[in-house]
Amino acid sequence: MGLFMGGVEKQLNYGEGFVRYLEKCSKSLTQLFRNEIAPLELLFPHGEMTTAVDTYQKTLSSKILNHMAECAVLEAYSEKKGKVFRILEVGAGVGGTSDGIIERLSEQNVEYYYTDVSTYFLNKAKERYRGKNWIKYKIFDINKGGMEENKFDLIICANVLHNAKNGISVLQQLRGLINEEGLLVILDAIKEPYYLLTSIEFNDGLSDFDDFRNEDDSTFFERKQWEYMFGQVGLDIVAAYPEEGEAFFGLGQGIFVLGVQNHHMEINTKELRAYLKQQLEEYELPNEIKIVPFLNNGKLMNKLPKTKEKTVSVEQPKTELEMQLEEIWGEVLNKESIGRHENFFAIGGDSLLLSQIIAKMWDSLPETKAWSWGDLMREILETPTIAEMADKIETKEKSHEAITTLIEGTSESRIVYVIFHAGTGSLVPYLDMIKILREREFKYTILGIPCIEQDQYLQLPVEHLFVELGKKYAELLIKYKDYKLYFIGHCIGGLIAIETAKELLKQGTEVDLVTMISTNIYDGDDKKREENFQILQSNLILEKVFGRLIGADVRKSGFTITDTKLMEAIRVICQKGKFVEEKLVELTGEYQEVANMCQKLLESSHQERLRSLFSAREGKVRHAENKEDREVLFEIFKHNLLAALYYEVTDYCGNIKLLRCCNQTENFFINMIDGFSEDDMVWRKSKVKDIVTGEVQGDHISCMEFPYIKENINLIIEGI
């Protein structure tokens, strides 16, 4: 049998690995029928993906169809350059189709959602695509749904839709996920491929169908069935291969590129007038009802009569400074006029626009030059109106309050949420969360504690930093002792929140819940801690981490080596003695590329490298724009990281919620420093009273940003 199959493969050149898989399945048919062997064990022997990759990527048909899919995706992307191109791949599995597409889309303006029903495939993909931050990972089952509608420019379904329990229902669902001009690319069987019935069909899920396959006891869709289903859900075939009669058709595999049909609903004007007569007064009825076809290209608006917009009277800016601020804010928010008391966030402002406004204020208003980036951001967060900001700028009265009111709760509410600054000492990581809460008209007070006395902050010893901050912040919050308190901390903000809650408890005030988001705890021994301390003295190493934290594309700043490779090189140095960053350039052999990267980076000063990182940010909220702000921000980050290394968990009798990131591939704590973990077992060893755990979407940084924060916020603040 083996010699026969090998001869067939040599003649056809179809794919040696796949032919071996078919041979193995054929030999195991009796065991498969008796359930003595698991079908997936044949496709994924010992959990390895080699056979599956051979099946979905290296056969003759898969090579041809995957290449066609790549071309279709690139063509669609080229037509929509200039905005983020969102792609959803359904059932990505082993990445048979994904690999080629992702490789060709690298460094493009793309957001790629890699989905599957199994975490196994997502974890493998995270390892394979490490460093590609534009790829998002999500569990998605076509038979259950759960994706946001009208979001995607293109959806890829490679060898997955035959798993649908009902083909029409699933296609209808997918049609709703693409936007008006979006495309759906399907690679799948187009006839019953009998050679797969002794292999793939044995896998779980290919049964209990609720469509015409149930009637003829088939597993896969025929070409004409696909076409029928497309018509039923309103999808047009833009391109398809192969056509019946072509030689390739005999392999039973094909590709469809589909677009959304422009259906026009037939409207009976007499029936519409009769309905309106029941709903409106006589004088409100239109003299004539004219049906205008809707055009996808937006030209409908040009055909409709212009209506007068209702205007709400707002108080216009008065002083020259207020008018200058209105011009700046209006330019960024794309508004012709802004009332002096209109709230920046209520009229469309968000974290990214706030960054642009601060930059323009600095460029245009000499009065703001004395203010740091952090000062301006904090003041606008606290007083987000033109009138209030103009008053503060004119009087040069910066807020010296250590607590910033981000959302003012209703007078009757007795609940207060407190968020604690993260690694850079700012509240920037929470801005997207605050925007969502403002949009939802959150009724409870939210206070923010940023790091404002930066010089004093840096003087506190790292060994006791969070304990000292806990004492300080407890003094500020004790006035809220009669309120229900909820603390929230991202990154090291979680450690500060715990210490503040412990201090308040000593004073008789209990915090109802401390929620920690991607908060890492060091659980290594003292020897390893000392080694890590030496590593973290290196500005070069920390700049790579810091760059990602501020949203920089670190590769553009010269950090071209992966975290894994860099840490391997560092461990080699540590095995020979004490670590100093200068030894990185002395590496040879397999770590020569590390040496080359470090040599080039060290030709620039620390200040120059920081400036490069800040200039390499893409679409992120800016933290600082001048040399002094940049250096202070970095020093605060370094101080906090060292403090996290020395922080020791002690007993706490309150309630804790630990939210761990589902994507750990971009967690610099875990990747760069041995001994750090988000695992709740570290906390449980310290005899913490009550711990609730959960998992948020995204990685250490993106979990607090759009789009993940829209889902994660429901775990961070329940019941909103």
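Preceding block: the structure.
Note that the coordinates shown come from a computational prediction; the quantities given were computed from them, not determined experimentally.

A.B. asks: Any chance you could break down the side chain of E322 for me, citing the residues and the numbers?
C.D. replies: Inspection of the secondary structure puts E322 in helix α14 (residues 320-333). A relative accessible area of 4% means that E322 is categorised as buried. There is a polar contact of 2.8 Å between the side chain of E322 and the backbone nitrogen of K318. Not counting the four nearest positions on each side in its chain, E322 is found in contact with P317, R340, I386, A387 and A390.

A.B. asks: Lay out the pattern of salt bridges with the relevant residues and their values.
C.D. replies: Scanning all chains against the criterion turns up 27 salt bridges. The residue K138 makes a salt bridge to E711 at a minimum N-O spacing of 3.1 Å. Pair noted here: K138 is in strand β3 (residues 135-139) and E711 is in helix α30 (residues 708-716), with a separation of 573 residues, a long-range link. K138 gets classed as buried once you look at its relative accessible area, which sits at 18%. In this structure E711 comes out as partly exposed when scored by relative accessible area, which is 41%. A salt bridge links E315 to R340, with the shortest nitrogen-to-oxygen separation between them at 3.3 Å. Here R340 lies in the loop between α14 and α15 (351-364) and E315 lies in the loop between α13 (300-303) and α14, a separation of 25 residues in the sequence.

A.B. asks: How would you explain empty space enclosed by the protein if you had to name every residue and give the values?
C.D. replies: Enumeration according to the criterion identifies 2 cavities of 30 Å³ or more in this entry. Space inside the second largest cavity adds up to approximately 40 Å³. M516, S518, T519, L658, L659 and E678 together form the lining of the second largest cavity. Across the lining of the second largest cavity, the residue classes break down as 3 nonpolar, 2 polar and 1 charged.

A.B. asks: Could you give me a rundown of α30, with the residues and numbers involved?
C.D. replies: At 3.6 residues per turn, the α-helix brings residues three or four places apart onto the same side. Every buried residue of α30 is accounted for by Y708, I709, N712, I713 and I716. All buried residues of α30 fall inside an arc of 125 degrees around its axis, so they share one side. Where α30 is buried, its residues touch β3, α18 (431-439), β11 (484-490), β12 (513-517), β14 (655-661) and β16 (690-696).

The rules behind these values
Residues numbered from 1 in each chain as written. Predicted model: local features only at pLDDT ≥ 70, side-chain atom pairs only at ≥ 80, totals over all residues. Heavy atoms only, no water. Helix = DSSP H or I, 4+ residues; strand = E, 2+ residues; numbered from the N terminus. Buried < 20%, exposed > 50% of the residue type's maximum accessible area, 1.4 Å probe, protein only. Polar contact = N/O pair within 3.5 Å; in protein donor to acceptor, adjacent residues only side chain to side chain. Contact = heavy atoms within 4.5 Å. Salt bridge = Lys/Arg side-chain N within 4 Å of Asp/Glu carboxyl O. 1 Å grid on protein atoms, 1.4 Å probe; cavity = no way out; pocket = protein on both sides within 12 Å on 5 of 7 lines; lining within 4 Å. Points joined across faces, edges and corners; volume = space filled by probe spheres on them. Nonpolar A, V, L, I, M, F, W, Y, C, P; charged D, E, K, R; others polar. Arc of directions from axis to C-beta.

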